[in-house]
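# Descriptive structure summary
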Amino acid sequence: MAFAAFLVLTSAALHLLGCVLSGFVQEGLVLLPVVGLYAVLAFFLWRQSRTIAYVVFIFMLIGSLGSWIASGGINLIPTWIYLAIALIDLVCAIVLFGVLWRSWHSTRVIEGR
């Protein structure tokens, strides 16, 4: 889960970069609360919280889709920022899926289900 925490922090850094590159206009300021939320979530992922991993998995799926959709319009934030966020969030969701699937599957095998 440490790698997933690193990916969440990378996504937070890209959100912050998008806010700065937009010149702190309204579109960029929408990204600012995500920076704080992702930093907190990354901390709990780093501490191996499985419950938070489920939450982050959903957030990363929603975030990658939202960033992909936002990249298609006329924006004050560069398109490559949105595409990078979408890619990082998708990779993080895939990593978390693997971590959660392995831990769930190994628990079921041990219990004999």
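Residues numbered from 1 in each chain as written. Predicted model: local features only at pLDDT ≥ 70, side-chain atom pairs only at ≥ 80, totals over all residues. Heavy atoms only, no water.

## A short note on a nonpolar patch on the surface
- A cluster of nonpolar side chains, contributed by L37, V55, I58, F59, L61, I62, L90 and I94, occupies part of the molecular surface with about 670 Å² of accessible area.
- For the nonpolar patch, the leading source of residues is helix α4 (residues 50-70), giving 5 residues.
- Its place among the elements puts F59 in helix α4. (Patch = residues over 30% accessible without salt bridge, like charges linked within 9 Å, V, L, I, M, F, W, Y side chains within 5 Å. Areas by Shrake-Rupley, 256 points an atom, 1.4 Å probe, with all protein chains shown as cover. Salt bridge = Lys/Arg side-chain N within 4 Å of Asp/Glu carboxyl O. Helix = DSSP H or I, 4+ residues; strand = E, 2+ residues; numbered from the N terminus.)

## Digging into the packing of aromatic side chains
- Summed over the entire model, instances satisfying the criterion amount to 5 aromatic pairs.
- With 5.3 Å between their ring centres and 75° between their planes, F43 and F44 make a pair best called edge-to-face.
- For F44, a relative accessible area of 36% puts it in the partly exposed group.
- Between the aromatic rings of F57 and F97, the centroid separation amounts to 6.3 Å while the plane-to-plane angle is 35°, which identifies the pairing as tilted. Remark: F97 occurs in helix α5 (residues 79-111) and F57 occurs in helix α4; sequence separation between them is 40 residues.
- Taken together, the aromatic side chains of F43, F44 and W46 make up a single cluster linked through ring pairs. (Phe/Tyr/Trp six-rings, centres within 6.5 Å; stacked < 30°, edge-to-face > 60°. Buried < 20%, exposed > 50% of the residue type's maximum accessible area, 1.4 Å probe, protein only.)

## Details of the nonpolar core
- If you look at the biggest cluster of nonpolar residues, it comprises 28 residues, and the most contacted ones within it are V8, L45, V56, M60, C92 and L96.
- Sorting the residues of this core by element identifies α1 (2-21), α3 (32-46), α4 and α5 as the ones contributing at least two each.
- For V8, the residues in contact, after removing those within four places along its chain, are Y38, A42, L45, V56, M60 and C92. (Core = buried A, V, L, I, M, F, W, Y, C linked by side-chain atoms within 4.5 Å. Contact = heavy atoms within 4.5 Å.)

## Section: the packing of α3 against α4
- As a packed pair, α3 and α4 sit with axes 10 Å apart at the nearest point and diverge in direction by 140°. Taken together, α3 and α4 sit at an angle that is classed as oblique. When you trace α3 past α4, the crossing you get is left-handed. Counting all contacts with α3, which are made through L37, Y38, L41, F44 and L45, the residues of α4 involved are I52, A53, V56, F59, M60 and G63.
- Of the residues contributing to the contact of α3 with α4, the split by class is 10 nonpolar, 1 polar and no charged. (Axes fitted to C-alpha atoms, helices over the stretch in contact; angles between N-to-C directions. Parallel < 35°, antiparallel > 145°, perpendicular 65-115°, else oblique. Left-handed = near helix turned anticlockwise from the far one by under 90°. Nonpolar A, V, L, I, M, F, W, Y, C, P; charged D, E, K, R; others polar.)

## Topic: the side chain of H15
- Structurally, the position occupied by H15 is in helix α1.
- Only 2.7 Å separates the side chain of H15 from the backbone oxygen of S11, close enough to count as a polar contact. (Polar contact = N/O pair within 3.5 Å; in protein donor to acceptor, adjacent residues only side chain to side chain.)

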